[in-house]
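# A structural walkthrough
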Amino acid sequence: TIATVLYAADGTCVPYGLVAERAMARGIVLRTGCHCNAGACMRHLDLKDKDIRYFFASGKVCGDDMGVIDGKPTGVVRISFGTFSTLEDVCRWITLLEEEFVDRPPL
């Protein structure tokens, strides 16, 4: 399992909803958000209680695709490979990253 936040070449955070949309268009299944674990998101994204309160005051709700608020990530992209995954699955994920996000202008 890989949980990550993607950043554009200029350092701006790529909204996880955009990553999910592009992945879905290519038949790649992944999950986005905090995965029902706000505490882990706070810890690993270096968010404070005031950030979480601000996100919700800004309209953020669990399960939405609002992946960036005021430049801060509100969750992650999570992709998992398991027993039945193939090298082709891994290559499709890498190709998505290369074609859609690596060295691309900010969105």
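Below or above, wherever it landed, is the structure these notes cover. (Residues numbered from 1 in each chain as written. Predicted model: local features only at pLDDT ≥ 70, side-chain atom pairs only at ≥ 80, totals over all residues. Heavy atoms only, no water.)

## Some points on unusual backbone geometry
The criterion, for reference: To qualify as a helix, a DSSP run of H or I must reach at least 4 residues; to qualify as a strand, a run of E must reach at least 2; elements of each kind are numbered from the N terminus.
The residue Asp46 is not glycine, and still its phi comes out positive at about 55°. Note on placement: Asp46 falls in the loop between α2 (38-44) and α3 (49-57). Although it is not a glycine, Asp103 sits at a positive phi angle of roughly 55°. Secondary-structure assignment places Asp103 in the segment after α4 (87-100).

## Here we look at the state of the cysteines
To keep it simple, the criterion reads: A pair of cysteine sulfur atoms is labelled a disulfide when the two atoms are within 2.5 Å. The cut-offs for exposure are 20% and 50% of the maximum accessible area for each residue type, with area from a 1.4 Å probe on protein chains only; residues under the lower value are buried, those over the upper are exposed, and the others partly exposed.
By the definition in use, this model includes 1 disulfide. Here Cys34 is linked by a disulfide to Cys41, with a sulfur-sulfur distance of 2.2 Å. One quick way to see it: the torsion about the S-S bond of Cys34 and Cys41 is about -120°, and its sign makes the bridge left-handed. We classify Cys41 as buried; its relative accessible area is 7%. Free of any disulfide, Cys62 has its nearest neighbouring cysteine sulfur in Cys36, separated by 6.7 Å. Residue classification places Cys62 among the exposed residues on the basis of a relative accessible area of 73%.

## Things to note about the sheet that holds strand β5 (residues 76-79)
For clarity, the threshold we go by: The rule for pairing is simple: two strands pair if DSSP sees at least two bridges between them. For helices, the fitted line uses only the C-alpha atoms of the stretch in contact; every axis is such a line through C-alpha atoms, and the angle between N-to-C directions lies from 0 to 180 degrees.
One open sheet accounts for 3 strands, arranged β1-β5-β2; its pairing is antiparallel. What marks the edges here is a single partner per strand, and that holds for β1 (2-4) and β2 (31-33). Averaged over neighbouring strand pairs, the angle between their axes works out to 20° when direction is ignored. Pairing analysis gives 3 bridges linking β1 to β5, with the strands arranged antiparallel.

## Some thoughts on the nonpolar core
Quick reminder of the rule: To form a nonpolar core, buried Ala, Val, Leu, Ile, Met, Phe, Trp, Tyr and Cys residues must be joined to one another through side-chain atoms within 4.5 Å. Here, residues are in contact when the closest pair of their heavy atoms is within 4.5 Å.
Val14, Val19, Leu30, Trp93 and Phe101 are the most contacted members of the largest nonpolar core, which totals 15 residues. Only α1 (16-25), β5 and α4 provide two or more residues apiece to this core. With 4 residues, α1 is the largest single contributor of residues to this core. In contact with Leu30, other than residues within four places in its own chain, are Val19, Ala20, Ala23, Val77, Arg78, Ile79 and Trp93. In terms of nonpolar packing, the next biggest core, distinct from the first, is built from 9 residues, Cys13, Cys41, Leu45 and Leu47 among them.

## Description of the side chain of Thr74
The following threshold applies: Any N or O atom pair separated by 3.5 Å or less is treated as a polar contact, with the protein-specific requirement of one donor-capable and one acceptor-capable atom, and with residues adjacent in sequence counted only for side-chain atom pairs.
For Thr74, the position within the fold is in the loop between β4 (72-73) and β5. Of the polar contacts made by the side chain of Thr74, one reaches the backbone oxygen of Met66; its length is 2.6 Å. When neighbours within four sequence positions are excluded, Thr74 is seen to be in contact with Tyr16, Cys34, Cys41, Leu45, Phe55, Lys60, Met66, Gly67, Val68 and Ile69.

## Describing the environment of Thr32
Looking at the element boundaries, Thr32 is found in strand β2. Taking relative accessible area as the criterion, Thr32 reaches 27% and is therefore assigned partly exposed. What Thr32 contacts, discounting residues up to four positions off in sequence, is Tyr16, Ala20, Val76 and Val77.

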